[in-house]
Amino acid sequence: MVLKVFFPSCCSSADSGILIGRWISEQNSAVILAVVHFPFIPVQVKQYLGEVQRVTNVNVSVLGSWSNSKQEKEESLSEFLEDLGTIFCHEPWIQISKEGDSKFWSCSTLQKHSQNPQEEEIILVYYDQRKVMLSHLHPPLDTAGQRAEDASKLSAIFDTVARSQVLFMTDRYDEGPIKLTHWQSDGVEASIIVELLKQASVPACMLLTLLFSLLSGICRSRVLKFWPLSFLWSKLSTCEQLGHRLQHLQVISSNKKAENQNQLMRKANIFVSLLIDVALGILLMSWLYRKNRIGHLADTLIPVADHVAEELQDLLQWLMGAPAGLKMNRALDQVLGRFFLYHIHLWISYIHLLSPFIEMILWYVGLSACLGLTVALCVLSDIIALLTFHIYCFYVYGARLYCLKIYGLSSLWRLFRGKKWNVLRQRVDSCSYDLDQLFIGTLLFTILLFLLPTTALYYLVFTLLRLLVVIVQGLIHLLVDLIDSLPLYSLILRLCRSYRLAAGVKFRVLEQQDGKPLRLLMQINPLSYRGVVQTYRLPTYSCYPRDSWASLCKKLFLGELIYPWKHKGDKQN
């Protein structure tokens, strides 16, 4: 038989005493939880262990003795510790003692009440009690009736340490008759601070919950469901981001206790993400309002808009001529060119009409950065969408005209082959046409075919301009999604306290000699950074279309509209 003894490394410098822990008979293992210092009264120790067992439902008992030879050299103490096996009556009785100046300890067992004592092979496993306690590799603590008794897993070890929190509340500075050494023997970590934060967080969470419930009620009211407001709320990315952050605030301000580790980590990630987002937004706002940068930005915006309009006018004049030596349909080319030039003229007039108010608008818009950097980026995306609205109109006009001709040519091509599209059955069926229908179809097909290059050129140019705007907006929204979804708290925890995000355990051999116990060190194996991001990534409000290159080329060829992103509930044409 192989006896496995799990000994906490924090007890290596403890005074001589007895070992208390849990005996797992299915695994033939002993989990040492603490050392009770000498002197003590056995009756009081039994009463204390009975109270701990009643509260934690863990069968805690005295498993053996611990002797620190550096501090106590009298043989009488060692003999007394051996005789304690007759008082507490545990088989086998484990004896661990320090081997002089060596950094390792000797481990042996006594079987006084056994008729046929057998020599057992001992494996002494050292573990960090603090890391095992906080690693969350144990089963959920709310399943009190379900024990981790599977001999093929280490979950029983972690479960034993996790359920023994009451035992760790007693330290060596208590005035009681029992002095313990464990991972919190120097005092419970941050107990006063944690309790004060808990007491202060309850009324704050109730107030925030009431406030955010009022805001969410206003957002869900019927006033926002009328056409103008509902259209703006669904199309402006700023409104979508504000609604997304409002949901985050409701989650972290809820007074409902997290049911498991994943919910707790989600709340912590949302809180840190909001904190960093607001801090970056305040830094951006402080930079904008220094040295009159808002005024300089407003003075630069009008010349840039005029320069873009002039470049578009030059581009249209080039298209109205012979672009790249191509032979265009002059009548259609002139009509389309003048139509788009008139729109540019309207756009320039609109920009100059707003020029006296641009600095004031930017001053008030800059205040939105106090809500977070992501809100400021969404405002920037909406401003870009408004400033390039004429390019979007050009793209829609060109796409619709090109799409109309493509579908017209495809329908007339089926007419030549004696086919037609069956709308009810969604398929192509055979059909017989009259001579007049074929003659008119031939004329229309010829007209559309010779007008297609001119329309396709305008569509191609404005599609490239639209794609440029889409790429800029897409990069902004990728940055917003990165800030919204990145689990910053989990990454910081992985960097500073990697054992809190454990993926498993690994064992390292410390010493292996004949005639001595095999000594192993159990270490926590943390999650990788990629695993942390995949496990604790937060959901975002926008979903980017994951179109393949073939699908994108098909949309461009058929003239379908391309959007940089689509919100929940929106349908892509």
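What you are looking at is a predicted structure, and each value in this text was computed from that prediction instead of being measured.

**Brief notes about the overall build of the chain**
(1) Moving on: Scanning the chain from terminus to terminus reveals 17 helices and 14 strands.
(2) Moving on: Taking all 573 residues of the chain together, 41% fall into the buried category.
(3) Moving on: Relative to all contacts within the chain whose residues are 6 or more apart in sequence, the contacts with residues 24 or more apart total 70%.
(4) Moving on: In the form shown here, the chain has an accessible surface area of approximately 32,600 Å², with 63% of it arising from carbon and sulfur atoms.

**Considering the UniProt feature "transmembrane region" (unreviewed entry) in the chain**
(1) Moving on: Look at the UniProt record and you will see "transmembrane region" (unreviewed entry) annotated at residues 200-219, 270-289, 335-354, 361-388, 394-416, 437-461 and 467-492.
(2) Moving on: The span residues 394-416 is 100% helical and 0% strand by assignment, and the distance between its end C-alpha atoms comes to 33 Å.
(3) Moving on: In this annotation, residues 437-461 is assigned 100% helix and 0% strand; the end-to-end C-alpha distance for the span is 35 Å.

**What about unusual backbone geometry?**
(1) Moving on: Located in the positive-phi region is Asn28, a residue other than glycine, with phi close to 55 degrees.
(2) Moving on: Along the polypeptide, Asn28 turns up in the loop between β2 (17-24) and β3 (29-37).
(3) Moving on: Owing to a relative accessible area of 10%, Asn28 belongs among the buried residues under this scheme.
(4) Moving on: One non-glycine residue, Asn292, adopts positive backbone phi at about 55 degrees.

**A short note on the pattern of salt bridges**
(1) Moving on: The final tally for this structure, using the stated rule, is 4 salt bridges.
(2) Moving on: Between Arg163 and Asp159 there is a salt bridge, and its shortest N-O distance comes to 2.7 Å. With Arg163 and Asp159 both in helix α4 (residues 155-163) and 4 residues apart, this pair spans about one turn of that helix.
(3) Moving on: Each of Arg245, Asp277 and Asp484 takes part in a single network of salt bridges with overlapping partners.

Parameters and conventions
Residues numbered from 1 in each chain as written. Predicted model: local features only at pLDDT ≥ 70, side-chain atom pairs only at ≥ 80, totals over all residues. Heavy atoms only, no water. Helix = DSSP H or I, 4+ residues; strand = E, 2+ residues; numbered from the N terminus. Buried < 20%, exposed > 50% of the residue type's maximum accessible area, 1.4 Å probe, protein only. Contact = heavy atoms within 4.5 Å. Areas by Shrake-Rupley, 256 points an atom, 1.4 Å probe, with all protein chains shown as cover. UniProt positions renumbered as here; feature names shortened; annotations may be inferred. Salt bridge = Lys/Arg side-chain N within 4 Å of Asp/Glu carboxyl O.

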